[in-house]
Amino acid sequence: VSSNPNVDLSEFLSSSPNRQSDGPDYNMLICGTYAADFNAIEYAQRLRYYLPKLQDAGVNKVGFILNCEADAAKALANYVDLDTKATNDASPIEL
């Protein structure tokens, strides 16, 4: 983001506050490239497809880091029909 804020990932990677069971509690962090990069688009598409299986395996929180402005990240999520915290409070995905 052009404002260049510091982002502390340790809080994000800590235990999920909204655990859905007594089973495993995993957090997943995806480090992508630019929002318009083909690899980042593929990561988003695969995340959308595999999200139910990841949740069944205990992944309760997913972060997707992109080197872009917030609007570009939101546009990518919209193009691949990926629910995020911005569009659905129940989504485990944060951009």
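Not measured: the values here are computed from a predicted model. (Residues numbered from 1 in each chain as written. Predicted model: local features only at pLDDT ≥ 70, side-chain atom pairs only at ≥ 80, totals over all residues. Heavy atoms only, no water.)

**Quick look at the pairing of strand S1 (residues 26–31)**
So the rule is basically this: Strand pairing requires that DSSP identify at least two bridges connecting the strands. Only runs of H or I of at least four residues qualify as helices and only runs of E of at least two qualify as strands under DSSP, and these elements are numbered from the N terminus. Convention used here: a crossover is right-handed provided that the path from the first strand, over the helix, to the second strand proceeds clockwise when the strands point away from the viewer.
Of the strand pairs in this sheet, S1 and strand S2 (residues 59–65) are connected by six bridges, and their pairing is parallel. For methionine 28, the partnering residue across the bridge sits in S2 and is valine 62. One crossover worth recording links S1 to the parallel S2 by way of helix H2 (residues 38–56), and it is right-handed.

**Here's the deal with the confidence of the model for the protein**
The condition that has to hold: As a per-residue quantity, pLDDT reports the predictor's confidence and falls between 0 and 100.
Model confidence for the protein is summarised by a mean pLDDT of 84, while 89% of its residues fall at 70 or above. Mean pLDDT across the elements of the protein bottoms out in helix H1 (residues 9–13) (80) and peaks in H2 (93).

**Focus on the sheet that holds strand S3 (residues 93–94)**
The pairing of strands in a sheet comes from backbone hydrogen bonds and takes either a parallel or an antiparallel form. Taken in spatial order, the three strands line up as S1-S2-S3 in an open sheet, and their pairing is parallel. A strand with exactly one partner marks an edge of an open sheet, and here the two such strands are S1 and S3. Pairing of S2 with S3, which is carried by two bridges, proceeds in the parallel orientation. If you follow valine 62 over to S3, its bridge partner there is isoleucine 93.

**Details of the nonpolar core**
Quick reminder of the rule: For the purposes of this section, nonpolar cores are sets of buried Ala, Val, Leu, Ile, Met, Phe, Trp, Tyr and Cys residues that join through side-chain atoms within 4.5 Å. Accessibility here uses a 1.4 Å probe with only protein chains present; expressed as a share of the type maximum, an area under 20% marks a residue as buried, one over 50% as exposed, and anything in between as partly exposed. Throughout, a contact is declared for two residues whenever any of their heavy atoms are within 4.5 Å.
With 17 residues, the main nonpolar core has Leu47, Val62, Phe64, Leu66 and Leu82 as its most contacted residues. Only H2, S2 and helix H3 (70–79) provide two or more residues apiece to this core. At four residues, the largest contribution of residues to this core is made by H2. The residues touching valine 62, leaving out its near neighbours within four places in the chain, are Phe12, Met28, Ile30, Leu47, Leu51, Pro92, Ile93 and Glu94.

**Here we look at the environment of glutamate 42**
By the element assignment, glutamate 42 lies in helix H2. Through-space distance from the C-alpha of glutamate 42 to that of valine 80 is 9.2 Å; in sequence the pair is 38 residues apart.

**Some remarks on the pattern of salt bridges**
Between side chains of opposite charge, a pair can form as their charged atoms come close. The criterion, for reference: In what follows, salt bridge is the name for a side-chain nitrogen of Lys or Arg lying within 4 Å of a carboxyl oxygen of Asp or Glu.
Scanning all chains against the criterion turns up one salt bridge. Residue arginine 48 is joined to aspartate 81 by a salt bridge in which the shortest nitrogen-to-oxygen separation is 3.2 Å. With arginine 48 in helix H2 and aspartate 81 in the loop between H3 and S3, this residue pair connects regions lying 33 residues apart in the sequence.

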